[in-house]
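The primary structure of each chain is shown beneath.
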Amino acid sequence: MTDQAAERHARQVQAWNGPMGEQWAASEARTERGLAPVLAALMDWAAPSPGMRVVDVGCGAGGTTLALANAVAPQGHVTGLDVSAVILEAARARLAETPNVTLTLADALSWRLEGAPADLLFSRFGVMFFGDPVGAFANLRRSLKPGGRFAFAAWAPLAENPWMDIPYQAALSALPPPAPPPPPSDPFEPGQFAFGNPGRVLRLLHDAGYPAARVRPFDFTMRFPGDDPARTAAGLANMGQTGRLMRDQPEAARAWAAEAITRAITPLVQGEWITLPARVLLFDARS
Ligand SMILES: C[S@@+](CC[C@H](N)C(=O)[O-])C[C@H]1O[C@@H](n2cnc3c(N)ncnc32)[C@H](O)[C@@H]1O
C-alpha cells in the first residue's frame, strides 16, 4: 500500500471512530427506514440461504446483520465486521438476543475469518471507505470459499442521487464566497460516492483476484417527512457529503445553508412526504 493510501485509510478509520461514527450510530432507526429498499434489493441479489456462513462487511449498527442472521438461521452464521467501536456498540445492543451472530471490531484490510471460509461476503455501503480497495478486497477474498460470492451495494454518483445532490447544491450555493470546492477533489477519494464508477469497481475487483464480477443499477425513492421541511432540512444537512461540507463552516454559514436546503425541498412536499430519487449500484463478484 502506498503512503497516500495508508493515510487515506487511517483518516477513514479515525472518522468512523469519531463524530461521523457517533452520528451514524445515533441515527440508526431513521437510516434503517430510509435504506430498507436497498436492503431488500441486496438481499434478493445476494440470496443468503439457510445454513450459509456469511460475513457482513462494515456491518454498521446491525440492521443488515440481523436480516442476514434470519435468512441463514437456524444453522447458518453471520460475522458482522466493523472498524468503528461506537457503531459496533450499537450493533451489540441490537443483536444481544440473536444467537447466530458474532460481532468483530476489526479492519477489513487486515481481518481474517477464523474457521471454515464464508459462502458469502455481503455489504451495504460498507466498502467505499477503503484507502486501498484492491488490498481490502484481496484480503476479504481469503475468507471466502472458492466459488463463493461477494455481493455489495454502493452509491451511484452524486449527480444520479438527487436526494443528496439537491441539499448539497443548496448548501454550496448558500455558503459565503469563496465557496469551498466540492469535495472530494479526487473523485476516487474514499467516501460515500467513491464507487460510483462501475467500470472502475469491476477493475478493482479483478485486480483483487475475483475472476468474474457484474453490476446492475437499482433505483428507488428516499422518503423524508414533509410535515416540517426545516427539520427535514436539518437532518439532510448532517448527512454524507453535505454533512462533511457543513462540518467546517461557522455557525452563521451553517444556518444559511440549512435555510437554503429548506427552500430547496419545501416545493417538493407531497402530502406527508418529500420523495427524492436515489440510485445504487449492486455488485456481485465470484472468488
Ligand atoms: C455507511 S456505513 C454502513 C453500515 C451498514 N452496512 C448499513 O448499511 O447500515 C459504513 C460502515 O462501514 C464501516 N467501515 C468503514 N471502513 C471500514 C473498514 N476498513 N473495515 C471495516 N468496517 C469499515 C464503518 O465503520 C461503518 O459502520
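From a predicted model like this one, the values you see are computed outputs, not experimental measurements.

1. So, the packing of aromatic side chains
Point 1. Within this structure, the stated rule accounts for 14 aromatic pairs.
Point 2. Taken together, a centroid distance of 6.4 Å and an interplanar angle of 50° make the contact between Phe152 and Phe195 tilted. You can see Phe152 sitting in strand 5 (residues 144–155) and its partner Phe195 sitting in the loop between helix 8 (162–174) and helix 9 (198–207), a full 43 residues away along the chain. Exposure class is identical for Phe152 and Phe195. Each is buried.

2. Brief notes about the side chain of Ser123
Point 1. Mapped onto the elements of the fold, Ser123 is located in strand 4 (residues 118–124).
Point 2. At 3.0 Å, the side chain of Ser123 and the backbone nitrogen of Gly126 are in polar contact.

3. As for the pattern of salt bridges
Point 1. Taken as a whole, this structure holds 11 salt bridges when the rule is applied.
Point 2. Taking the shortest distance from any N to any O, the salt bridge between Lys145 and Asp119 comes out at 2.6 Å. Taken together, the positions of Lys145 in strand 5 and Asp119 in strand 4 put the pair 26 residues apart, joining distant regions of the chain.
Point 3. The exposure class assigned to Lys145 is partly exposed, which follows from its relative accessible area of 33%.
Point 4. A relative accessible area of 18% places Asp119 in the buried class.
Point 5. A salt bridge links Arg214 to Asp284; its shortest N-O distance comes to 2.9 Å. Here Arg214, found in strand 6 (residues 212–225), pairs with Asp284, found in strand 8 (residues 273–286); they are 70 residues apart in sequence, far enough to count as distant.
Point 6. On the accessibility criterion, Arg214 (43% relative accessible area) is partly exposed.
Point 7. Each of Glu7, Arg8, Arg11 and Glu189 takes part in a single network of salt bridges with overlapping partners.

Conventions used here
Residues numbered from 1 in each chain as written. Predicted model: local features only at pLDDT ≥ 70, side-chain atom pairs only at ≥ 80, totals over all residues. Heavy atoms only, no water. Phe/Tyr/Trp six-rings, centres within 6.5 Å; stacked < 30°, edge-to-face > 60°. Helix = DSSP H or I, 4+ residues; strand = E, 2+ residues; numbered from the N terminus. Buried < 20%, exposed > 50% of the residue type's maximum accessible area, 1.4 Å probe, protein only. Polar contact = N/O pair within 3.5 Å; in protein donor to acceptor, adjacent residues only side chain to side chain. Salt bridge = Lys/Arg side-chain N within 4 Å of Asp/Glu carboxyl O.

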